[in-house]
Amino acid sequence: MSPSSGTQGKRALELSAGRCPADASEVADLYVLGRLTEAQAEVFEEHFLQCPECAEKAELAYEFVAALKKYQR
Ligand SMILES: [Zn+2]
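Residues numbered from 1 in each chain as written. Predicted model: local features only at pLDDT ≥ 70, side-chain atom pairs only at ≥ 80, totals over all residues. Heavy atoms only, no water.

Points about the environment of Val32
The following threshold applies: The numbering of helices and of strands both runs from the N terminus, where a helix is a DSSP run of H or I of at least 4 residues and a strand a run of E of at least 2. Whether a residue is buried, partly exposed or exposed follows from its accessible area with a 1.4 Å probe, protein chains only, as a fraction of its type maximum: under 20%, in between, or over 50%, in that order. Pairs of residues are marked as contacts when any of their non-hydrogen atoms sit within 4.5 Å.
Mapped onto the fold, Val32 is located in helix α1 (residues 24-32). According to the relative accessible area criterion, Val32 is partly exposed, its value standing at 22%. Each C-alpha atom, one on Val32 and one on Ala58, is 7.1 Å from the other, the two residues being 26 residues apart in sequence. The contact partners of Val32, leaving out residues within four places of it in the chain, are Ala58, Ala61, Tyr62 and Val65.

Given below as structure tokens:
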């Protein structure tokens, strides 16, 4: 991998397409909220497309955020 990419992140979220993030729920939340860097979001997308567990977490996070937005309107 390239060590020079992703240095713009506020926190060092170690994401790898080949394995689950240490805190998949948090990463899923950040992903749905658009708080990941573009590079991190890409890696997470690539990961959950082949990981049913993380895909489910991303879906749950998405539904949660969608529900929140509904309440705010
Ligand atoms: Zn995963």
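Comments concerning the coordination of the zinc ion
What counts is decided by this rule: The donor definition counts N, O and S atoms within 2.8 Å of each metal and applies 3.2 Å to Na, K and Ca; water is not among these atoms, so some sites may look incomplete. Angle rules define the geometry names used: all angles between 85 and 135 degrees makes four donors tetrahedral, while opposite donors over 155 degrees apart and all other angles between 65 and 115 make four donors square planar and six octahedral, leaving every other case irregular.
Donor atoms from the polypeptide that bind the zinc ion are Cys20 (SG), His47 (NE2), Cys51 (SG) and Cys54 (SG), placed at 2.0 to 2.3 Å. Coordination at the zinc ion is tetrahedral: its 4 donor atoms span angles of 104 to 114° at the metal. Along the chain, the residues that donate to the zinc ion are spaced as C-x26-H-x3-C-x2-C. With a gap of 31 residues between them, Cys20 in the segment before α1 and Cys51 in the loop between α2 (38-48) and α3 (52-72) connect regions that are remote in the sequence. In this structure Cys51 comes out as buried when scored by relative accessible area, which is 10%.

Some details on α2
Convention followed: Arc, as used here, means the arc of the directions from the helix axis to the C-beta atoms.
When we look at burial in α2, the residues that qualify are Gln40, Ala41, Phe44, His47 and Phe48. End-on view of α2: buried residues confined to an arc of 125°, all on one side of the axis. Buried residues belonging to α2 abut α1 and α3.

Focus: the packing of α2 against α3
Quick reminder of the rule: Simply put, an axis is a line fit to the C-alpha atoms, just over the touching stretch for a helix, and the angle between two N-to-C directions goes from 0 to 180 degrees. Each angle gets one of four labels, with under 35 degrees taken as roughly parallel, over 145 as roughly antiparallel, 65 to 115 as roughly perpendicular, and the rest as oblique. Note on residue classes: Ala, Val, Leu, Ile, Met, Phe, Trp, Tyr, Cys and Pro are nonpolar, Asp, Glu, Lys and Arg are charged, and everything else, Gly too, is polar.
In the contact formed by α2 and α3, the axes pass within 7 Å of each other and the chain directions differ by 120°. For the element pair α2 / α3, the angle class is oblique. Residues Phe44, His47 and Phe48 of α2 form the contact with α3, whose participating residues are Cys54, Ala55 and Ala58. Considered class by class, the residues forming the contact of α2 with α3 number 5 nonpolar, 1 polar and no charged.

Re the packing of aromatic side chains
Where we set the bar: Geometry of aromatic contacts follows a simple scheme: Phe, Tyr and Trp rings, the Trp one being its six-membered ring, pair when their centres are within 6.5 Å, and the pair is stacked under 30 degrees between planes, edge-to-face over 60, tilted otherwise.
A full pass over the atoms with the stated rule returns 3 aromatic pairs. When the centroid spacing of 5.5 Å and the interplanar angle of 75° are considered together, the rings of Tyr31 and Phe48 count as edge-to-face. On the criterion of sequence distance, the pair formed by Tyr31 in helix α1 and Phe48 in helix α2 is long-range, its members being 17 residues apart. Given the relative accessible area of 15%, Phe48 is considered buried. A ring pair is formed by Phe44 and Phe48, whose centres lie 5.2 Å apart and whose planes are at 75°; its orientation type is edge-to-face.

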